[in-house]
Amino acid sequence: MAEMRKIPVDELKPGMRFDKPVYIDSNNMLVAANVSIKLDDIKKLMRWGVSEVETAGNLVSTEQEIKAATARATMTESDEAKKIIDDYNKLLTQRVPLIEIHKEACKAVANVHNAIKADEPFAIDEIDVSLTKIIEIMKNYPNIFLFLYGLEEGKNYLVVHSVNVTFYSLLIGMALKYAPLKLRELGIGTMLIDAGMIKLPAYIMHKQSNLTEHEFNQIKTHPLHGYKALRQLGKIPEKSALICLQHHEQYDGKGYPRGLKGTQIDEYARIAAIADSYEAQIANRAYRKRIFFYQAMKNLLSSGINKFDPVILRVFLSRMSVYPIGSLVELNNGTIGIVIGSMPQKPLRPIVKLIIDSNKQRFTDTIIVNLLEEKALYITRALDETEIGVNLFEVL
Ligand SMILES: [Fe+2]
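Thresholds applied
- Going along each chain's sequence as written, the residues are numbered from 1 onward.
- Residues qualify for local features only when their pLDDT is at least 70, as the model is predicted, and side-chain atom pairs are given and counted only at 80 or more; totals for whole chains, interfaces and linings, by contrast, use all residues.
- Axes here mean lines fitted to C-alpha atoms, for a helix over just the part in contact, with angles spanning 0 to 180 degrees between N-to-C directions.
- Counting from the N terminus, the helices are DSSP H or I runs at least four residues long and the strands are E runs at least two residues long.
- Convention used here: angles under 35 degrees read as roughly parallel, angles over 145 as roughly antiparallel, angles from 65 to 115 as roughly perpendicular, and any remaining angle as oblique.
- Throughout, a crossing is termed right-handed when the near helix is turned clockwise from the far one, and left-handed when it is turned anticlockwise from it by less than a right angle.
- With C-beta atoms placed from the backbone, a contact is any residue pair whose C-beta atoms sit within 7 Å.
- Under the grouping applied here, Gly and all other residues not named as nonpolar or charged are polar, the nonpolar ones being Ala, Val, Leu, Ile, Met, Phe, Trp, Tyr, Cys and Pro and the charged ones Asp, Glu, Lys and Arg.
- Burial is judged by counting other C-beta atoms within 10 Å of a residue's own C-beta: 20 or more means buried, 12 or fewer means exposed, and anything between counts as partly exposed, with every C-beta placed from the backbone.
- Read the arc as the range of directions from the helix axis to the C-beta atoms.
- At least two DSSP bridges between two strands are needed for those strands to be called paired.

1. Section: the packing of helix 7 (residues 180-191) against helix 11 (residues 238-246)
Then step 1. The geometry of helix 7 relative to helix 11 is characterised by a closest axis approach of 8 Å and an angle of 40° between their N-to-C directions. As the angle between them shows, helix 7 and helix 11 are arranged oblique. As helix 7 packs across helix 11, the resulting crossing turns out to be right-handed. Contacts between helix 7 and helix 11 involve Glu185, Ile188, Gly189 and Thr190 from the first element and Lys239, Ser240, Ala241, Ile243 and Cys244 from the second.
Then step 2. Here the contact of helix 7 with helix 11 is built from residues that sort into 4 nonpolar, 3 polar and 2 charged.

2. What to know about the environment of Phe145
Then step 1. Among the secondary structure elements, Phe145 is positioned in the loop between helix 5 (125-140) and helix 6 (157-175).
Then step 2. For the pair Phe145 and Leu171, spaced 26 residues apart in sequence, the C-alpha separation works out to 8.8 Å.
Then step 3. If near-sequence neighbours (up to four positions away) are discounted, Phe145 is found in contact with Phe167, Tyr168 and Leu171.

3. Some remarks on helix 14 (residues 310-320)
Then step 1. Of the residues making up helix 14, those classed as buried are Leu313, Phe316, Arg319 and Met320. For helix 14, the angular spread of buried residues about the axis comes to 125°, placing them on one side. In helix 14, those exposed residues whose orientation departs by more than 90 degrees from the buried face are Pro310, Val311 and Arg314.
Then step 2. Against the buried residues of helix 14 lie helix 6, helix 12 (267-282) and helix 13 (293-301).
Then step 3. Immediately beyond the C-terminal end of helix 14, within one or two residues, lies Ser321, with a positive phi of roughly 75°.

4. Topic: the sheet that holds strand 1 (residues 5-8)
Then step 1. Spatially, 1-5-3-4 is the arrangement adopted by the 4 strands of the open sheet, whose pairing is antiparallel. Looking at which strands have only one partner, the edges of the open sheet turn out to be strand 1 and strand 4 (29-31).

Dropping the structure here:
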């Protein structure tokens, strides 16, 4: 047996790990081989008055290992993984164009909302122009939705939400290999998905928590208000307007306004319902904070499992992955990174851009780890940006 050596607890740092287990004493193991020591572990030892731990292992240098992993990643990775990294670098150049396209789309949606509010006929030329640009940028940069995060936040929620739902719905439409005509029908309907809300008292929009029964019954009228306005004031094709009418129907028949079930609900509306629920969860609202991509996806798969079309939900999941792009994750070596891409067949092993090292310092270089190749590394948990005090918008 290799010789045990003692390490003073005050020399331990979070993220350190050894290639053999670390013991508190002869009966108790602190961490297994290759598992990082956490700040909590160190605090515990101090609380217990333990001054030394023992291991027969050697310290594994996180920095060195990651550098090696990165070097290997650029040399040996599969073509598919190379493409993801390459795509990410190209994606970075599209942030500014996206901001413009998003802003323009919001303006187009707001103009239609205003017309509906005033009961005036409206044209959808502006919506059409915007939609064409959205579809084009999504075709060229399928992961562009990563940069939707935080755009126009604090502005008109109804409008921003509708535009974002359009991106997620089109993402599903594209994964389903929709022809351009179908993408357009889908996009027009989702851009105006909540147009009926504009007919309700404004305060309800901003409340949405602890609604009285009366208020909730009012909310339930927005699909019909929207549908009527789209058909009568905008002469919008039936297929698109149905999205407005049916996006709160549920696959299990428990939705509203009509309690339609399964394929009684139009396919576009079944897509939009998933995108709508996902987007609503990841957006900050006046009455509650956003939840994170990973948690939102988990919610869709747990509490939402009967609400949504299971086939479409699976398509969305495989497109977004278990750790959707933009998720913050902690690896077993104590480093923290952001998911920048993944392969549908390996959702638990995405490609991660590291942002914080195991000593909680920001990396200055761009270090990308391909978990598909680096078998020694794995995700231990998803985390929230507030936990690590970074602004996600800055580190993408
Ligand atoms: Fe709605």
